[in-house]
Amino acid sequence: MESREVTLEYIWVLVIIAVIAGFSASMAYYGFARGLNPSCTVYTMEELKARGIKLEPGVREVGPGIYEVTIEARQFVWIPREIVLRDPVRVTFRVYSTDVIHGLHIVGTSVNVMVFPGYVAEFVWEPPKGVSGEVLMICHEYCGIGHQLMWGKVVIERSGARLSGGG
Ligand code: CUA
């Protein structure tokens, strides 16, 4: 009797629907109830200009521990290559590319964004207290023959705490 196979087929269809419903519900839960959002907001250059923001690579301290960091990504370097933050509380990053797609990752932290040419990736990072000293900043998106050379560092200085020098 073929109905056994048909029944099994229905069961599998139901299993798949249940799995998809489960994943969708978990995404909705984390998105709405837990506030889990994409890692950055993306603006076009025009939108950024309209907000009155100029893109000049560098680090600016706009308040005690409040930083604005603008990074230009290009084959195969981050500009600036070294970012020094003293007792950072809240760091707003704006990262843009002048050539191809790059990916910014600050190793050992939650900072991990894609950088598309023509767009500015903006995100806020509140460095956890435990993060201090020199932290490697790498490109994690293959961007050409010198991709592996594309790295920099974030130096986090904590007052009252000695720099570990390596961590
Ligand atoms: Cu930039 Cu890989």
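Rules behind the numbers
What you see as residue numbers is a count from 1 along each chain, following the sequence as written. For a predicted model such as this one, the threshold for reporting local features is a pLDDT of at least 70, and the threshold for listing and counting side-chain atom pairs is 80 or more; totals across whole chains, interfaces and linings nevertheless cover every residue. Processing note: side-chain calculations cover all non-hydrogen atoms of the structure and skip hydrogens and water entirely. By definition, a salt bridge exists where a carboxyl oxygen of Asp or Glu is found within 4 Å of a side-chain nitrogen of Lys or Arg. Strands are runs of DSSP state E lasting at least 2 residues, helices are runs of H or I lasting at least 4, and numbering of each runs from the N terminus. The rule is simple: take the accessible area with a 1.4 Å probe, protein chains only, and divide by the maximum for that residue type; under 20% is buried, over 50% is exposed, in between is partly exposed. Centre distance within 6.5 Å is the pairing criterion for rings of Phe, Tyr and Trp, where only the six-membered ring of Trp is used; planes under 30 degrees apart are then read as stacked, over 60 as edge-to-face, and the remainder as tilted. We count a charge as sitting over a ring when the NZ of a lysine or the CZ of an arginine lies within 6 Å of the ring centre and within 35 degrees of the ring normal. Contact definition: two residues touch when any of their heavy atoms are within 4.5 Å. Helix span is expected to be 1.5 Å times the residue number reduced by one.

(A) Inspection of the pattern of salt bridges at higher detail. The final tally for this structure, using the stated rule, is 9 salt bridges. The salt bridge partner of K153 is E82, with a shortest N-O separation of 3.7 Å. With K153 in strand β11 (residues 151–157) and E82 in strand β5 (residues 82–86), the pair connects residues that are 71 residues apart, well separated along the chain. The partly exposed category is assigned to E82, whose relative accessible area is 42%. The closest approach of N and O atoms between R94 and E122, which form a salt bridge, is 2.7 Å. Of this pair, R94 sits in strand β6 (residues 90–97) while E122 sits in strand β9 (residues 119–125), and the two are 28 residues apart along the sequence.

(B) Examining the packing of aromatic side chains more closely. Scanning the entire structure with this criterion turns up 3 aromatic pairs. Considering the side-chain rings of F93 and F123, the 4.9 Å spacing of their centres and the 10° angle between planes classify their relative orientation as stacked. With a gap of 30 residues between them, F93 in strand β6 and F123 in strand β9 connect regions that are remote in the sequence. F123 matches F93 in its accessibility class, with the two residues each being buried. Judged by centre distance (6.3 Å) and plane angle (50°), the rings of F93 and W125 are tilted. On the criterion of sequence distance, the pair formed by F93 in strand β6 and W125 in strand β9 is long-range, its members being 32 residues apart. Residue F93 is classed as buried on the basis of its relative accessible area, which comes to 0%. The class for W125 is buried, based on a relative accessible area of 4%. Pairwise contacts between aromatic rings join F93, F123 and W125 into one cluster. Across from the ring centre of Y43, 4.4 Å away, lies the NZ or CZ of R51, which sits over that ring. Sitting over the face of the ring of W151, R81 holds its NZ or CZ atom 4.6 Å from the ring centroid.

(C) Summary view of the environment of P127. Assignment of secondary structure puts P127 in the loop between β9 and β10 (133–139). Separated by 111 residues in the primary sequence, P127 and I16 have C-alpha atoms spaced 40 Å apart. Those residues in contact with P127 that sit more than four places away from it in its chain are P88, V89, V91, I156 and R158.

(D) Spatial organisation of helix α1 (residues 3–33). Over its 31 residues, α1 runs 43 Å from end to end, which matches the ideal 45 Å to within 8%, given 1.5 Å per residue. Residue G35 follows α1 closely and has a positive phi angle near 70°.

All we've got here are geometric facts, nothing functional implied.
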